[in-house]
Amino acid sequence: MDIRTGFFYLFSALLLFAAFRVITARNPVHAALFLVLAFFQASAVWLLLRAEFLAITLVLVYVGAVMVLFLFVVMMLDVDVDALRSGFWKHFPLAAAVGVLIALEMAAVLMGGFRMGEEPKAVPAAAQAAVQVSNTKELGKLLYTQYLYALEVAAVILLVAIIAAIALTLRKRKDSKFTDPSQQVRVHARDRLEVVKLPPTLPAARAETKA
């Protein structure tokens with residue numbers, strides 16, 4: 001076993017452990033941190049597969065933006081964990097059936113892609129230098145030619161989701177206070193502040209009389 005295979009098994013083991021801890025951690029913040037670890041291990045596996053663009057995209061987009069936002073939301077919201085776990089065993093059979101179905105589908109896809117008993121053919125060095133191209137460039141060509149309509153549909157769906165999130169956030173609530181910005185601009189200091197003249201100290205005789 002060479003060093004590349006050893007790194008692959010190491011990253012894969014850490015990825016499986018982090019993914020398992022995501023669904024078993026009791027604290028939502030810990031689960032999000034384990035998900036960040038899983039993303040890093042997946043990007044390392046993609047680096048071993050020479051998919052540098054996908055690895056950097058995973059780190060920048062998911063770890064650098066999505067997971068940071070998710071951590072802020074989890075830490076700012078008062079999540080009632082006990083209420084979320086109240087119906088866990090009620091929905092467990094359905095969730096287990098869906099998980100088994102997804103695992104079988106992934107196993108079928110992976111087993112179909114393996115070629116057992118076939119040895120890779122040796123490619124001359126001159127041919128390797130001739131066919132060596134940028135995978136990022138080829139991925140861009142593939143996205144914007146063959147999968148252009150799928151990419152546009154995904155962009156429209158994301159745009160609708162962003163607009164819906166903004167609309168749900170900015171809707172009027174009875175328990176929220178609203179201030180008109182135009183009224184704030186037209187405010188003068190004399191309307192908000194009243195200066196009252198008071199003596200700095202009271203006479204000693206008056207203080208004794210009151211006492």
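Numbering of residues begins from 1 in every chain and follows the order in which that chain's sequence is written. Local features are withheld for residues below a pLDDT of 70 in this predicted model, meaning they are given only at 70 or higher, and side-chain atom pairs are given and counted only at 80 or more; totals for whole chains, interfaces and linings count all residues. Remark: hydrogens and water are excluded; side-chain values derive from all non-hydrogen atoms of the structure.

Numbering of helices and strands runs from the N terminus, with a helix taken as a DSSP run of H or I at least four residues long and a strand as a DSSP run of E at least two residues long. Broken down by element type, the protein carries 11 helices and 0 strands. Helices and strands appear in the protein in the N-to-C order α-α-α-α-α-α-α-α-α-α-α. Only protein chains enter the accessibility calculation, which uses a 1.4 Å probe; a residue is then buried when its area is under 20% of its type maximum, exposed when over 50%, and partly exposed in between. In the protein, which comprises 211 residues, the share counted as buried stands at 10%. When checking whether two residues touch, look at their non-hydrogen atoms; a contact exists if any pair is within 4.5 Å. When contacts within the protein are restricted to residue pairs at least 6 apart in sequence, those whose partners lie at least 24 apart make up 59%. Surface summary for the protein: the accessible area is close to 18,600 Å², and the carbon and sulfur share equals 69%. Here the accessible surface of atoms and residues is derived via Shrake-Rupley with a 1.4 Å probe, and residues count as covered only by protein chains that are part of the display.

It is worth spelling out the packing of aromatic side chains at this point. Pairing of aromatic rings covers Phe, Tyr and the six-membered ring of Trp, with a centre-to-centre limit of 6.5 Å; geometry is then stacked below 30 degrees between planes, edge-to-face above 60, and tilted otherwise. The tally for this structure, following the rule as stated, stands at 4 aromatic pairs. On the numbers, 5.8 Å between centres and 65 degrees between planes, the contact of Phe8 with Tyr9 is edge-to-face. Taken together, a centroid distance of 5.3 Å and an interplanar angle of 50 degrees make the contact between Phe39 and Tyr62 tilted. One end of the pair, Phe39, is in helix 2 (residues 28-48); the other, Tyr62, is in helix 3 (residues 52-76), with 23 residues separating them in the sequence. Overall, the relative accessible area of 17% leaves Phe39 in the buried class. Its relative accessible area of 41% is what places Tyr62 among the partly exposed residues.

This brings us to helix 1 (residues 3-24). For the α-helix, the turn length of 3.6 residues means that residues three or four positions removed from each other point alike. By this rule the span expected of a helix is its residue count minus one, scaled by 1.5 Å. Helix length check: helix 1, at 22 residues, gives a terminal C-alpha distance of 32 Å against a target of 32 Å (1.5 Å per residue), a fit within 8%. Among the residues of helix 1, Phe11, Ser12 and Ala18 are the ones counted as buried. Here the buried residues of helix 1 occupy an arc of 135 degrees about the axis, which is enough to place them on one side. Opposite the buried face of helix 1, by more than 90 degrees, sit the exposed residues Tyr9 and Leu16. Of the surrounding elements, those touching the buried residues of helix 1 are helix 2. The directions considered for the arc run from the helix axis to the C-beta atoms.

What follows concerns the nonpolar core. Definition used in this section: a nonpolar core is a set of buried Ala, Val, Leu, Ile, Met, Phe, Trp, Tyr and Cys residues joined via side-chain atoms within 4.5 Å. Listed in full, the 8 residues of the largest apolar core are Ala32, Val36, Phe39, Ala42, Leu58, Val63, Met67 and Leu71. Elements that contribute at least two residues to this core include exactly helix 2 and helix 3. Each residue touching Leu71, except ones within four places of it in the same chain, is listed here: Val29, Ala32 and Leu33.

Looking at where Leu48 falls in the secondary structure, it is placed in helix 2. Residues Leu48 and Thr5, spaced 43 residues apart in sequence, show a C-alpha to C-alpha distance of 9.1 Å. Residues in contact with Leu48, not counting those within four places in the same chain, are Arg4, Phe7, Phe8 and Phe11.

Turning next to the side chain of Gln41. Tracing the sequence through the fold places Gln41 in helix 2. Those residues in contact with Gln41 that sit more than four places away from it in its chain are Phe11, Leu14 and Leu15.

The positions that UniProt labels "transmembrane region" (unreviewed entry) are, in the present scheme, residues 6-24, 31-49, 55-79, 91-114 and 147-170. Along residues 6-24 the backbone is 100% helical and 0% strand, and the end-to-end C-alpha distance reaches 27 Å. Regarding residues 31-49, the helix share stands at 95% and the strand share at 0%, and the terminal C-alpha atoms are separated by 27 Å. UniProt positions are given in the numbering used here, feature names are shortened, and annotations may be inferred rather than shown by experiment.

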